[in-house]
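Listed below are the residues making up each chain.
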Amino acid sequence: VATHHRMVASIPDNLDFIQAASLPEAFLTAYDALFNHCDLTMGEAVIIHSAGSGVGTAAIQLAHHIGATTFGTMGSTDKLGKAMELGLDVGINYREQDFADVIRERTNGRGVDVILDMVGAPYWERNLNSLATKGRMVIVGTQGGSTLEANLDHLSTKRLRIHGTGLRIRPIEEKITVTQQLIKHVLPLLADSRIRP
């Protein structure tokens, strides 16, 4: 493989090659979405859709590590249990519960500060309803669909920020920046097993 030297990271001693190979896609995407696009900080609340996915499990751990309250949606009780072990505070089985109702109830109507969405169109309205004033949402996938008819009133009344992102389409300079952030902020957490692939 040939790549730019600033896009290469050393594998922490406690990880094997298979574990290390799982890191870039999941942890680069989660880190970039939560911190570069949404400025997630300690004490805020975040909902992570598809929380049982690679990106979802990485996002749970990164958000939990900085002291954010983590909500997550997935369609399996087994996956919810495993996500709780990674730091998920509130698990929502979307087959049994409406996540917007759970968010409203658990935040006393305030909503969450950040949403990491991999579902897309089917969640749009409930996502906007679930965001607190000045909330931020980043869309990193559209597994459920990408086309919708939308009421944009929430964007202005709540002063929301909505971002879309993807890593593969970016110029090399931006990929290098995110890789260097992973090396500085995420690899030390992996090296001492505070988070794991």
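Residues numbered from 1 in each chain as written. Predicted model: local features only at pLDDT ≥ 70, side-chain atom pairs only at ≥ 80, totals over all residues. Heavy atoms only, no water.

> Break down unusual backbone geometry for me, with residues and values.
You will see that Asn108, though not glycine, has its phi angle at about 55°, which is positive. Assignment of secondary structure puts Asn108 in the loop between helix H5 (99–106) and strand E4 (112–117). Of note, the phi angle at Ser193 is positive, near 65°, even though the residue is not glycine. Mapped onto the fold, Ser193 is located in the segment after helix H8 (172–191). (Helix = DSSP H or I, 4+ residues; strand = E, 2+ residues; numbered from the N terminus.)

> Mind laying out the pairing of E4, listing which residues take part and the relevant values?
A large share of E4 lies buried, amounting to 6 of its 6 residues. Strand direction decides the pairing type here: strand E1 (residues 45–48) and E4, joined by 3 bridges, are parallel. Opposite Ile48, over in E4, you have Leu116 as the bridge partner. With respect to chirality, the unit in which E4 leads through helix H6 (residues 124–130) into the neighbouring parallel strand E5 (residues 131–139) is right-handed. (Buried < 20%, exposed > 50% of the residue type's maximum accessible area, 1.4 Å probe, protein only. Pairing = 2+ DSSP bridges. Right-handed = clockwise from strand over helix to strand, strands pointing away.)

> So, the nonpolar core: which residues are in play, and what are the values?
Ranked by internal contacts, the top residues of the largest apolar core, which has 39 residues, are Phe27, Leu34, Leu40, Leu62, Leu116, Val186 and Leu190. Elements with a contribution of two residues or more to this core: helix H2 (23–37), E1, helix H3 (54–65), helix H4 (77–85), E4 and H8. Of the residues forming this core, the biggest block, 9 residues, is contributed by H2. Setting aside its immediate chain neighbours within four residues, Phe27 contacts Ala58, Gln61, Leu62, Leu182, Val186, Leu190, Ile195, Arg196 and Pro197. Counting residues in each nonpolar core, the second largest holds 17 residues, with Ile47, Val102, Trp124 and Leu128 among its members. (Core = buried A, V, L, I, M, F, W, Y, C linked by side-chain atoms within 4.5 Å. Contact = heavy atoms within 4.5 Å.)

> Go over the pattern of salt bridges, please, and point to the residues and values.
Close approach of charged atoms allows side chains of opposite charge to pair. Following the criterion strictly, the structure yields 10 salt bridges and no others. In this structure, Arg126 and Asp98 form a salt bridge, with 3.9 Å as the shortest nitrogen-oxygen distance. Here the residue Arg126 occupies a position in helix H6, and Asp98 occupies one in the loop between strand E3 (90–93) and H5, the gap between them amounting to 28 residues. According to the relative accessible area criterion, Arg126 is partly exposed, its value standing at 26%. When the shortest N-O distance is used, the salt bridge between Asp113 and Arg110 registers 2.6 Å. (Salt bridge = Lys/Arg side-chain N within 4 Å of Asp/Glu carboxyl O.)

> Report on the sheet that holds E4, specifying residues and quantitative values.
Taken together, 6 strands build an open sheet; the order of strands is E3-E2-E1-E4-E5-E6 and the sheet is parallel. Each of the sheet's edge strands pairs with one partner strand only, and the pair in question is E3 and strand E6 (161–164). Pairwise comparison of adjacent strand axes, ignoring direction, gives a mean angle of 15° for this sheet. When E1 meets strand E2 (residues 69–74), the two strands line up parallel, connected through 4 bridges. When the bridges of E2 are listed, Ile48 appears paired with Gly72. Strand contacts of H3: E1, E2 and E4, with the helix running at about 170° to E1, the strand carrying the most contacts. Its contacts with the sheet put H4 on E2 and E3, and the angle it makes with E3 is roughly 165°. (Axes fitted to C-alpha atoms, helices over the stretch in contact; angles between N-to-C directions.)

> Any chance you could break down the environment of Ile172 for me, citing the residues and the numbers?
Residue position: Ile172 is located in helix H8. Taking the C-alpha atoms as reference points, Ile172 and Met7, separated by 165 residues in sequence, lie 9.0 Å from one another. Residue contacts for Ile172: discarding those within four places in its chain leaves His4 and Met7.

> Go over H4 with me, naming the residues and quoting the values.
Where H4 begins, one side-chain oxygen reaches toward the backbone nitrogen of Asp78, 3.2 Å away; that side chain belongs to Ser76. Where H4 terminates, the next one or two residues include Gly87, which has phi positive at roughly 120°. (Polar contact = N/O pair within 3.5 Å; in protein donor to acceptor, adjacent residues only side chain to side chain.)

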